Amino acid sequence: MGSNSPFLLAEVTLLSALQMGYLARRVGLSRMAHKVLPPAVTGPPEFERTFRAHQNCVEFYPLFLVTLWTCGMFFNEATAAAAGLVYMIGRQIYFNGYVNSSKKRLPGFFLSLAVLGTLSLLAFLGIMRGILHKYFHIHLD
Amino acid sequence: MGSNSPFLLAEVTLLSALQMGYLARRVGLSRMAHKVLPPAVTGPPEFERTFRAHQNCVEFYPLFLVTLWTCGMFFNEATAAAAGLVYMIGRQIYFNGYVNSSKKRLPGFFLSLAVLGTLSLLAFLGIMRGILHKYFHIHLD
Amino acid sequence: MGSNSPFLLAEVTLLSALQMGYLARRVGLSRMAHKVLPPAVTGPPEFERTFRAHQNCVEFYPLFLVTLWTCGMFFNEATAAAAGLVYMIGRQIYFNGYVNSSKKRLPGFFLSLAVLGTLSLLAFLGIMRGILHKYFHIHLD
């Protein structure tokens with residue numbers, strides 16, 4: 001890879017994958033603590049909240065990757081990478097909150113949603129600029 | 001990014017991520033309508049069908065992204081992007097049908113499967129052509 | 001795409017997507033064999049193990065894609081592609097084992113985890129080398 005490679009995006013992506021691995025581990029530890037043996041996914045409320053917290057992170061992870069990379073490649077890499085770190089923080093607040101109580105999942109969830117919305121909007125602007133340039137010969141910068 | 005950037009793939013990918021966000025929202029609205037509080041995932045049949053419809057879309061989303069991008073980068077971008085839009089339509093038909101009844105999930109499901117099969121086949125042809133060219137010096141075009 | 005395109009990564013990625021499709025099909029066949037109609041996800045123990053085995057593969061699939069591609073693009077393509085094939089073997093051993101009994105899921109699981117750890121480490125080394133080079137002008141090779 002040359003010097004133009006998206007190292008920052010790659011670094012944030014790899015960190016986010018490690019975070020997802022860590023959250024999966026937290027579910028495993030919760031299984032042990034509450035004696036919920038696989039393949040069961042029901043048990044004490046705290047286990048069920050931990051399980052669902054992880055599932056929600058899993059459901060949103062591809063959306064995060066898509067918006068991170070489209071924003072990073074078509075708008076600006078450093079902006080996307082920084083937003084990616086904020087998303088990870090939001091997800092950690094979400095997960096830790098949800099383990100404690102269902103209501104405490106909300107602040108982190110809304111933070112992570114705000115980041116996804118921002119990444120999507122910037123990605124959309126960057127892609128539309130490219131499409132106008134390439135297919136309609138309209139130059140916006 | 002230069003003019004050779006895959007803007008169409010990026011645009012379809014971003015749209016598909018927004019669709020996934022919209023389907024997640026539909027599950028949230030169904031939770032409220034049927035008073036199924038997190039972390040519960042069981043409840044009235046319509047909620048359970050809505051929940052499973054979304055889960056199935058989540059399960060297949062990475063497969064869609066992989067086949068969309070391998071087809072788009074190694075076979076043809078416009079073909080892949082158009083197929084990607086058909087996949088999104090298929091998934092919407094699937095989701096809306098499944099919410100109504102389990103049987104009505106099938107037409108949209110088979111449409112989305114047909115798109116995945118087509119994207120996979122074209123991606124395979126494109127990649128094999130590249131491998132024959134690069135590693136075996138066999139030129140097919 | 002030119003001759004520098006990551007054909008091997010693309011090929012392994014496409015194969016892994018086909019494997020995921022195959023595992024989803026196995027869940028569908030298990031539904032039929034055990035008469036568990038959608039949207040139900042509970043039933044005889046073998047069905048529940050099959051369902052969870054697939055879910056676990058789904059949960060880890062984006063982590064696999066991220067580590068495969070960051071390792072392949074920033075460390076070495078052939079190494080990542082080979083590791084990717086080992087991951088797929090690990091996941092198949094995991095799935096087949098889990099269908100038989102919960103305990104038999106462990107060997108394949110640990111194999112796939114070892115591959116993810118290796119891919120992550122090599123990807124991290126490659127990305128850090130790039131960041132030191134690009135942003136700190138430190139050349140390690």
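In what follows, the structure referred to is the one given above.
Structure report, in brief.

Calculation notes
Residues numbered from 1 in each chain as written. Chains lettered and ligands numbered in written order. Predicted model: local features only at pLDDT ≥ 70, side-chain atom pairs only at ≥ 80, totals over all residues. Heavy atoms only, no water. Helix = DSSP H or I, 4+ residues; strand = E, 2+ residues; numbered from the N terminus. Rg over C-alpha atoms; globule rule 2.2 N^0.38 Å. Buried < 20%, exposed > 50% of the residue type's maximum accessible area, 1.4 Å probe, protein only. Contact = heavy atoms within 4.5 Å. Areas by Shrake-Rupley, 256 points an atom, 1.4 Å probe, with all protein chains shown as cover. Expected span 1.5 Å × (residues − 1). Least-squares fit on C-alpha atoms with pLDDT ≥ 70 in both. Axes fitted to C-alpha atoms, helices over the stretch in contact; angles between N-to-C directions. Parallel < 35°, antiparallel > 145°, perpendicular 65-115°, else oblique. Left-handed = near helix turned anticlockwise from the far one by under 90°. Nonpolar A, V, L, I, M, F, W, Y, C, P; charged D, E, K, R; others polar.

### Things to note about the overall build of chain A
So, point 1. Secondary structure assignment for chain A yields four helices and zero strands.
So, point 2. Its C-alpha atoms give chain A a radius of gyration of 18 Å, more than 25% over the compact-globule value 14 Å for 141 residues.
So, point 3. In chain A, which comprises 141 residues, the proportion classed as buried is 53%.
So, point 4. At a minimum sequence separation of 6, the contacts of chain A that also span at least 24 residues come to 67%.
So, point 5. Carbon together with sulfur atoms contributes 69% to the accessible area of chain A, which is approximately 6,300 Å² in total.

### Side note on helix H1 (residues 7-33) of chain A
So, point 1. If you check H1 of chain A, its first and last C-alpha atoms are 39 Å apart, about what 27 residues at 1.5 Å a residue would give, namely 39 Å.
So, point 2. Taken from the residues just after H1 of chain A, lysine 35 of chain A is the one with a positive phi, measuring 50 degrees.

### Here we look at the relation of the copies chain C and chain A
So, point 1. Superposition record for chain C on chain A: RMSD 0.0 Å, screw rotation 120 degrees, translation along axis 0.0 Å. Both copies of the chain, as the preceding transformation shows, are related through a three-fold rotation axis. Taking C-alpha positions as reference, the residue of chain C nearest the rotation axis is proline 62 of chain C, located at 4.0 Å.
So, point 2. In this assembly, only 4% of the residues forming the interface of chain C have copies in chain A that are likewise at the interface, indicating a heterologous arrangement.

### Considerations on the packing of helix H4 (residues 106-136) of chain B against helix H1 (residues 7-33) of chain C
So, point 1. Where H4 of chain B contacts H1 of chain C, the two axes come as close as 9 Å, and the packing angle between them is 150 degrees. Judged on the interaxial angle alone, H1 of chain C and H4 of chain B are roughly antiparallel. For the crossing formed where H4 of chain B meets H1 of chain C, the hand is left-handed. In contact with Ser120, Ala123, Phe124, Ile127, Met128, Gly130, Ile131, Lys134 and Tyr135 of chain B of H4 of chain B, H1 of chain C contributes Phe7, Leu8, Ala10, Glu11, Leu14 and Leu18 of chain C.
So, point 2. Split into classes, the residues belonging to the contact of H4 of chain B with H1 of chain C amount to 11 nonpolar, two polar and two charged.

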